[in-house]
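One-letter residues, chain by chain:
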Amino acid sequence: MRIRDWDHNLKARLYGEALMNTTFWMFFPFMAIYFADSFGKETASMLLIVSQLFSVVANLMGGYCADVFGRKRMMVLSAYGQGAAFFVFALASSPWWSSPLVGFLCFTFAGICVAFYWPASQAMVADIVPEKDRSYVFAVFYTSVNISVVIGPTVGGLFYADHLFWLLLLAACSCLTMAAVLARRLRETAPHSAGGRRTVPWLRFWREQIGQYAVIVRDRTFFLFIIAGVLVAQTFMQLDLLLPVYMKEMLHKETLWAGWTVDGANAFGLLIAENGLLVALCTVMMTRQMARFSERWAFIGSAVLYGITMWLFSQTSSFFGFAAVMVLFTLAELMTAGLQQSFVSRLAPEDMRGQYFAAASLRFTIGRMVAPMSLAAATWVGYTWTFVGLGMLALASAALYAWMFHQARQQTERPDISLSQ
């Protein structure tokens with residue numbers, strides 16, 4: 001299914017979201033630096049936890065709203081909300097007015113809008129793309145995001161320190177433009193039967209969801225998968241939390257080549273671009289390579305490698321050292337990038353796959369909510385011990401993965417599960 005054969009809804013989104021994601025990534029990786037400088041690392045840690053808590057709640061509500069109010073409406077409103085938030089954030093970071101608190105509130109509101117946008121956008125793909133082509137379409141959107149991760153931080157690293165106002169203003173303009181395009185060009189794709197759900201009270205919806213997740217928690221293998229995922233997420237979530245703050249303090253002016261010098265913020269932008277480029281280029285190849293090994297050792301090996309990279313980051317203070325460790329960090333990411341979805345789909349009963357996938361996403365939502373604690377820990381015990389602690393969490397995750405596969409072998413009441421050993 002070539003892109004030129006795609007539905008018009010998908011074409012408009014692909015190019016519009018590429019622009020929106022690129023401008024977003026020009027400043028997003030540096031927000032931990034901004035808030036740590038403005039409020040101190042400990043206060044910034046607490047504020048980011050609160051921000052992510054709102055996003056977790058919004059993410060759970062996003063799917064409900066997409067079904068009840070429609071995909072297009074939620075996407076358009078979310079894009080307008082992001083644009084407005086970034087515009088006010090830009091004003092609060094302008095030469096005429098500086099208010100980090102207002103900036104934090106806008107950043108939180110923008111995160112809530114993103115949490116509402118995401119379920120509607122995924123549901124729209126499922127609405128209009130045949131099942132046999134969905135993996136390809138999702139892969140193209142995923143590649144587009146990673147291209148933005150390459151371009152955005154590279155440009156943002158050059159301009160963040162002195163031109164944050166213009167970066168935020170550019171992001172606001174791209175979001176507002178995207179919202180206008182979506183409002184004009186998109187058609188609604190939600191099934192007509194979804195309108196019947198308008199009579200379901202949202203409190204009843206929450207009770208039903210909690211009851212369904214309680215059933216999932218009783219699946220011990222899957223529960224261990226989620227807990228292990230939350231623990232290991234504390235490492236890769238630091239890519240835009242602890243690592244930029246650490247690099248800003250540890251890496252001062254360094255000459256790379258031909259007289260080109262970078263500081264911590266510039267170097268961090270290049271590091272994020274390196275990660276995005278490696279992911280965009282190597283995901284398919286690594287997935288094929290890891291298919292030759294058992295899932296057990298892929299999950300355990302990835303967690304162990306994450307733990308090693310945490311310790312290596314704590315021992316590094318040069319750009320080329322950080323770049324070398326980032327290769328290992330990305331390798332740990334790619335070892336399970338193509339395996340996790342297939343693992344969940346095979347573990348889940350056919351009539352509960354949607355709920356299992358929704359519950360599996362809690363690894364990232366809960367992980368991101370807890371991850372900012374690392375900034376406070378860096379204040380309390382220092383960077384070295386914080387990175388060591390994160391590495392220990394990754395090793396604990398590896399142990400839980402080993403236990404998970406052991407439980408899977410012992411699970412006699414689910415003979416339909418076939419996990420590679």
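Criteria and cut-off values
- Residues numbered from 1 in each chain as written.
- Predicted model: local features only at pLDDT ≥ 70, side-chain atom pairs only at ≥ 80, totals over all residues.
- Heavy atoms only, no water.
- Helix = DSSP H or I, 4+ residues; strand = E, 2+ residues; numbered from the N terminus.
- Buried < 20%, exposed > 50% of the residue type's maximum accessible area, 1.4 Å probe, protein only.
- Contact = heavy atoms within 4.5 Å.
- Areas by Shrake-Rupley, 256 points an atom, 1.4 Å probe, with all protein chains shown as cover.
- Patch = residues over 30% accessible without salt bridge, like charges linked within 9 Å, V, L, I, M, F, W, Y side chains within 5 Å.
- Salt bridge = Lys/Arg side-chain N within 4 Å of Asp/Glu carboxyl O.
- Phe/Tyr/Trp six-rings, centres within 6.5 Å; stacked < 30°, edge-to-face > 60°.
- Lys NZ or Arg CZ within 6 Å of the ring centre and 35° of its normal.
- pLDDT = per-residue confidence, 0-100.
- Expected span 1.5 Å × (residues − 1).
- 1 Å grid on protein atoms, 1.4 Å probe; cavity = no way out; pocket = protein on both sides within 12 Å on 5 of 7 lines; lining within 4 Å.
- Points joined across faces, edges and corners; volume = space filled by probe spheres on them.
- Nonpolar A, V, L, I, M, F, W, Y, C, P; charged D, E, K, R; others polar.
- Core = buried A, V, L, I, M, F, W, Y, C linked by side-chain atoms within 4.5 Å.
- Axes fitted to C-alpha atoms, helices over the stretch in contact; angles between N-to-C directions.
- Parallel < 35°, antiparallel > 145°, perpendicular 65-115°, else oblique.
- Left-handed = near helix turned anticlockwise from the far one by under 90°.

Novice: Help me understand the overall build of the protein chain in this model?
Specialist: The secondary structure content of the protein chain amounts to 17 helices and two strands. Counting every position in the protein chain, which comprises 421 residues, the buried fraction comes to 52%. Partitioning the intrachain contacts of the protein chain with sequence separation of at least 6 by distance along the chain shows that 85% fall at a separation of at least 24. Per element, the accessible surface of the protein chain, about 19,200 Å² overall, is 66% carbon and sulfur.

Novice: Looking at this structure, I do not really get a nonpolar patch on the surface. What am I missing?
Specialist: A cluster of nonpolar side chains, namely Met46, Val370, Met373, Trp380, Val381 and Trp385, defines an oily patch on the protein surface of about 630 Å² accessible area. Per element, the largest residue contribution to the nonpolar patch is three residues, and it comes from helix α16 (residues 373-381). Along the chain, the position of Trp385 falls in helix α17 (residues 383-410).

Novice: How should the packing of aromatic side chains be read in this particular structure?
Specialist: Two aromatic rings, taken as a pair, are described by how far apart their centres are and by the angle between their planes. Applying the stated rule across the entire model yields 30 aromatic pairs. Between Tyr34 and Phe35, the aromatic rings sit 5.2 Å apart at their centres with planes inclined by 75 degrees, giving edge-to-face as the arrangement. A residue is classified by how much of its surface remains accessible, and Phe35, at 1% relative accessible area, is buried. Here a set of aromatic residues connected by ring pairs shows up, and it is made of Phe24, Trp25, Phe27, Phe28, Tyr34, Phe35, Phe39, Phe86, Phe89, Phe104 and Phe107. Over the ring of Trp297 we find Arg296; its NZ or CZ atom is 5.4 Å from the centre of that ring.

Novice: What should I look at first to understand the confidence of the model for the protein chain in this one?
Specialist: Detailed conclusions should not be drawn from predicted coordinates in areas where pLDDT is low. On average, residues of the protein chain score 81 in pLDDT, and 86% of them reach the 70 mark or higher. For the stretch residues 193-197, pLDDT sits under 50, and the model shows five contacts to residues farther than four places along the chain or on other chains. Note that pLDDT drops below 50 for residues 415-421; the model gives that stretch 16 contacts with residues more than four away or on any other chain.

Novice: Help me out: how do you make sense of helix α12 (residues 319-337) in this one?
Specialist: An α-helical turn contains 3.6 residues, so a residue and the one three or four places further along point in the same direction. With 19 residues, α12 should reach 27 Å at 1.5 Å per residue; the first-to-last C-alpha distance of 26 Å fits that figure. Buried residues of α12: Phe319, Phe322, Ala323, Val325, Met326, Phe329, Thr330, Ala332, Leu334, Met335 and Thr336, and no others.

Novice: How should I be thinking about empty space enclosed by the protein in this particular structure?
Specialist: It is the rolling of a water-molecule-sized probe over the atoms that shows where space remains empty. Tallying each qualifying case throughout the model produces one cavity of 30 Å³ or more. Of the voids in this model, the largest cavity is the one considered here, and its volume is about 30 Å³. Considering only residue class, the lining of the largest cavity consists of six nonpolar, two polar and no charged.

Novice: Can you walk me through the nonpolar core in this structure?
Specialist: If you look at soluble globular proteins, the nonpolar side chains tend to sit buried side by side. If you look at the biggest cluster of nonpolar residues, it comprises 116 residues, and the most contacted ones within it are Phe35, Phe225, Leu243, Phe313, Phe387 and Tyr401. It is helix α6 (residues 131-185) that contributes the most residues to this core, 13 residues altogether. Once you skip the residues sitting within four places of it in the chain, Phe35 turns out to touch Gly40, Ala44, Leu48, Phe89, Pro100, Gly103, Phe104 and Phe107. Formed by eight residues, the second largest nonpolar core is a distinct cluster that contains Leu14, Val125, Val129 and Val137.

Novice: Please explain the environment of Val262 as it appears in this structure.
Specialist: Within the secondary structure, Val262 is located in strand β2 (residues 260-262). Residues within four places of Val262 in sequence aside, it is in contact with His252, Lys253, Glu254, Leu256, Ala267 and Leu270.

Novice: Quick question: what am I supposed to make of the packing of helix α8 (residues 220-236) against helix α11 (residues 295-314) here?
Specialist: At their nearest, the axes of α8 and α11 sit 9 Å apart, and the two run at 30 degrees to each other. Classified by the interaxial angle, the pair formed by α8 and α11 is roughly parallel. Handedness of the crossing formed by α8 with α11: left-handed. In contact with Phe225, Val232, Thr235 and Phe236 of α8, α11 contributes Phe299, Ala303, Tyr306 and Met310. Tallied by class, the residues present in the contact of α8 with α11 amount to seven nonpolar, one polar and no charged.

Novice: What should I look at first to understand the environment of Ile272 in this one?
Specialist: Note that Ile272 resides in helix α10 (residues 264-290). Residues Ile272 and Trp25, 247 residues apart in the sequence, show an inter-C-alpha distance of 9.6 Å. Those residues within four positions of Ile272 in sequence are excluded, and the remaining contacts are Trp25, Pro29, Val149, Pro153 and Leu239.

Novice: Looking at this structure, how should I read the pattern of salt bridges?
Specialist: Evaluated as defined, the whole model comprises three salt bridges. Asp37 is the salt-bridge partner of Lys248, the closest N and O atoms lying 3.5 Å from each other. Of this pair, Lys248 sits in helix α9 (residues 242-250) while Asp37 sits in helix α2 (residues 31-39), and the two are 211 residues apart along the sequence. By relative accessible area, Lys248 is classed as partly exposed at 37%. Here Lys41 makes a salt bridge to Glu249, at a shortest N to O gap of 3.3 Å. With Lys41 in helix α3 (residues 41-69) and Glu249 in helix α9, the pair connects residues that are 208 residues apart, well separated along the chain. Judged by relative accessible area, which is 19%, Lys41 ranks as buried.

Novice: Before we go on, may I ask you to explain the environment of Phe405 in this structure?
Specialist: Examined against the element boundaries, Phe405 turns out to sit in helix α17. Residue Phe405 is classed as buried on the basis of its relative accessible area, which comes to 0%. With 108 residues separating them along the chain, Phe405 and Trp297 place their C-alpha atoms 10.0 Å apart.

Novice: What's the story with the side chain of Gln52 in this structure? I'm lost.
Specialist: Here Gln52 lies in helix α3. Dropping the residues within four chain positions of it, Gln52 is found in contact with Arg368 and Met369.

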